[in-house]
Protein chains: 2
Amino acid sequence: MRAGVSRATVSRVINKQPRVSPETAAVVLSAAAELGYTPNAAARSLVTRRTGAVAVVLSEPESMIFDDPFFAAVVRTACTELARNQQQMALLLAHRPEQAERVERFLRAGHVDGVLMFSPHRDDPLPDQVRRLPVPVVFGGRPWLPEDGLHIVDADNLGGAELATRHLLDRGRSNTVTITGPLDHRAAVDRLEGWRQVTGADQDAVRLLSAEGDFTRRGGERAMAELLDRVPDLDGVFAASDHMAVGALHVLQRAGRAVPHDVSVVSFDDHPSIAASARPALTAVRQDPVGMVAEMVANLRALLDGEDLAPACRILPATLTERSST
Amino acid sequence: MRAGVSRATVSRVINKQPRVSPETAAVVLSAAAELGYTPNAAARSLVTRRTGAVAVVLSEPESMIFDDPFFAAVVRTACTELARNQQQMALLLAHRPEQAERVERFLRAGHVDGVLMFSPHRDDPLPDQVRRLPVPVVFGGRPWLPEDGLHIVDADNLGGAELATRHLLDRGRSNTVTITGPLDHRAAVDRLEGWRQVTGADQDAVRLLSAEGDFTRRGGERAMAELLDRVPDLDGVFAASDHMAVGALHVLQRAGRAVPHDVSVVSFDDHPSIAASARPALTAVRQDPVGMVAEMVANLRALLDGEDLAPACRILPATLTERSST
DNA sequence: TCCCGAAGTGAGAGCGTTTCCAAGCAGGTA
DNA sequence: TACCTGCTTGGAAACGCTCTCACTTCGGGA
């Protein structure tokens, strides 16, 4: 056409297919450059059935997504990690029901090649809807669904919580309490369970020694106040997030409890600008959102490339960083 | 076809076009529901030349985007505001040069109907490239470009800074200094200029009485220390961001200067979880990222709908909230 | 009774690619 | 010289939709 060459050949050149002579390729490329030619994305994806885009679905209130360091890291890592695979991220917020419907329509319309799904809440219907779509899905964090057949990447919430609690024991803290996340939240439940297994608390003890927060600082403050009230002689606190731990520190200090002299505090997340810069700096279990998203992207990529990746729940290790709060 | 009806009719029903009898529409819709039919997005956008997606281009380091409250608000508002217009956001990070190239390719390929462009840095070539693309663009914050012909929405950085500085004067502070943002940043320059116009500082005075930060808390600390050193008798500080103001507060307190007794501090941004919860709570100029993005989306929508919106720089007002730091 | 206009519907072209298949062409072998 | 092989190239179908245009049907006015 433009370079005295057929559409078919142009297509082969653009897509770097093998059966093209170098000279022809050069001619086509220079002609393309001269004309400012760019292949039309819609036409291409119509025939290849690939869009080059991946949806990141976040089923959380927006405030959570942008204030919580975990989700901020997720969004950011997804964006860059997908870009490295030449894929574009489509960010879908699906907290409210009408949004959920939009999300389903969007995914069903074939706008994206795959889905990275974050939906930690118990009664969210979206994960179940999404798994039925004819699109590969990788879950970030275990959903409240039967897990067989699903591709899941999760942090080791249980193991991390055990690590934290055992650390408190090692420090000689025998009367520890825990500030949990919202208990319709899978990670929150797992972290509580880790604490429970190490302390050996029975149901009654759990009711007494744990208080439910909401992952925010205020929630941590409320829960800590409640626990101080119920368990005046507590000597160790495992908070299921950095924000809540900071809240707990405040309440403890205001109550005249020295940290770590009177009470040791361990948190979960280990976000650089929170845990390390708290006063005192927080001993924290580190979950690695960057590694998690990278693994999710790698898994999705394998699925899209047609590798027969076995469905599995891949658990990323959690590590403990000791600082001055214990 | 499926419902004993032609493709054309189905298309008309799906797109809610007028010339269809109610009965036929009902038949088609029920057939569609039964078959789980969803129109193919690629095919549709091939012929309509609309993708239903809008790019949000952020030419900033990633750390800035997710730690800085302004950008977090931008991303979040863009996402929801576009969703309300039935549009999907494609988030493009373009800080590093190789990313910039990817972004240009992406926009040129026709993946999106329009662009919301945030690029505050002086030597960023992207805005100039993007404005030449055959895609409507709305800039968030004035770019370092000749502004004629561009659609721009900006906060009133100049006016806000004047407001802040005049407030310091009203409080009887006659020896004020300013902590600026990075001066390759348009908003930082405008805020400095606002301060300069009210104080009437000449070039030498500016050199003496201002110190360049980077919008972060650490940057604010460094700048404040420097200023205390250079201007020991300062009595008022205008910091060009909340984060920097918090840093300044720390340094002032450590230097034994009581705020607001000895020194008054005003900041810019007024992010709820920073300015109001600083100790003392910060008097701050409020810029409204939500309103800004909403305005940008509205402008872009007008452009896409073919309204002949005159190119202009639309400035959103800034307001001052007094708290205990002045 | 005939004609006309409006409303509803269907046929088919066209959007810009990729990809299958066949054709052209060179070089090597019988 | 004739034939086969392997590489390069072009023609044309297909992807799934929208949209124009033409056709049918029906009601009302002349």
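Up top you'll find the structure we're talking about.
Note that the coordinates shown come from a computational prediction; the quantities given were computed from them, not determined experimentally. (Residues numbered from 1 in each chain as written. Chains lettered and ligands numbered in written order. Predicted model: local features only at pLDDT ≥ 70, side-chain atom pairs only at ≥ 80, totals over all residues.)

(A) Spotlight on the protein's contact with DNA strand C. Close contacts around DNA strand C come from 24 residues, with Ala8(A), Ser11(A), Asn40(A), Ala43(A) and Ala8(B) the closest. Counting only elements with at least two residues in the surface near DNA strand C, the list comes to α1 (7-14) and α3 (41-48) of chain A together with α1 (7-14) and α3 (41-48) of chain B. Looking at the surface near DNA strand C residue by residue, the classes come out as 11 nonpolar, eight polar and five charged. (Near = placed C-beta within 6 Å. Helix = DSSP H or I, 4+ residues; strand = E, 2+ residues; numbered from the N terminus. Nonpolar A, V, L, I, M, F, W, Y, C, P; charged D, E, K, R; others polar.)

(B) Molecular detail of the protein's contact with DNA strand D. In the vicinity of DNA strand D, 23 residues are found, and the nearest of them are Ala8(A), Thr24(A), Ala8(B), Ser11(B) and Ala43(B). Of all the secondary structure elements, the ones that give two or more residues to the surface near DNA strand D are α1 and α3 of chain A together with α1 and α3 of chain B. Among the elements that take part in the surface near DNA strand D, α3(B) stands out by supplying five residues, more than any other.

(C) Just the relation of the copies chain B and chain A, in detail. With an RMSD of 0.1 Å, the fit of chain B onto chain A corresponds to turning through 180 degrees and sliding 0.1 Å along the axis. The superposition operator between the copies reduces to a two-fold rotation axis. Both copies contact each other with a shared surface, as 97% of the interface residues of chain B are interface residues in chain A too. (Least-squares fit on C-alpha atoms with pLDDT ≥ 70 in both. Contact = placed C-beta atoms within 7 Å.)

(D) Focus on the nonpolar core. Counting 162 residues, the largest nonpolar core has Val56(A) and Val56(B) as its most contacted members. Apart from residues no more than four positions distant in its own chain, Val56(B) is found in contact with Val75(B), Ala78(B), Met89(B), Leu91(B), Leu92(B) and Leu116(B). (Core = buried A, V, L, I, M, F, W, Y, C linked by C-beta atoms within 7 Å. Buried ≥ 20, exposed ≤ 12 C-beta atoms within 10 Å, placed from the backbone.)

(E) Molecular detail of the interface of chain B and chain A. On the chain A side, the residues contacting the 29 residues of chain B number 29 residues. Secondary structure elements with two or more residues in the side of chain B that touches chain A: α3, α4 (62-67), α5 (69-84), β2 (88-93) and α6 (97-108) of chain B. Grouping the amino acids of the side of chain B that touches chain A by side-chain chemistry returns 15 nonpolar, nine polar and five charged.

(F) Molecular detail of the environment of Phe118(A). Residue and element names in this part refer to chain A. Relative to the helices and strands, Phe118 resides in strand β3 (residues 114-118). What makes Phe118 buried here is the crowd of 23 C-beta atoms within 10 Å. When the C-alpha positions of Phe118 and Val28 are compared, they lie 44 Å apart, and in sequence the two are 90 residues distant. For Phe118, the residues in contact, after removing those within four places along its chain, are Val57, Leu58, Ser59, Val74, Gly140 and Gly141.

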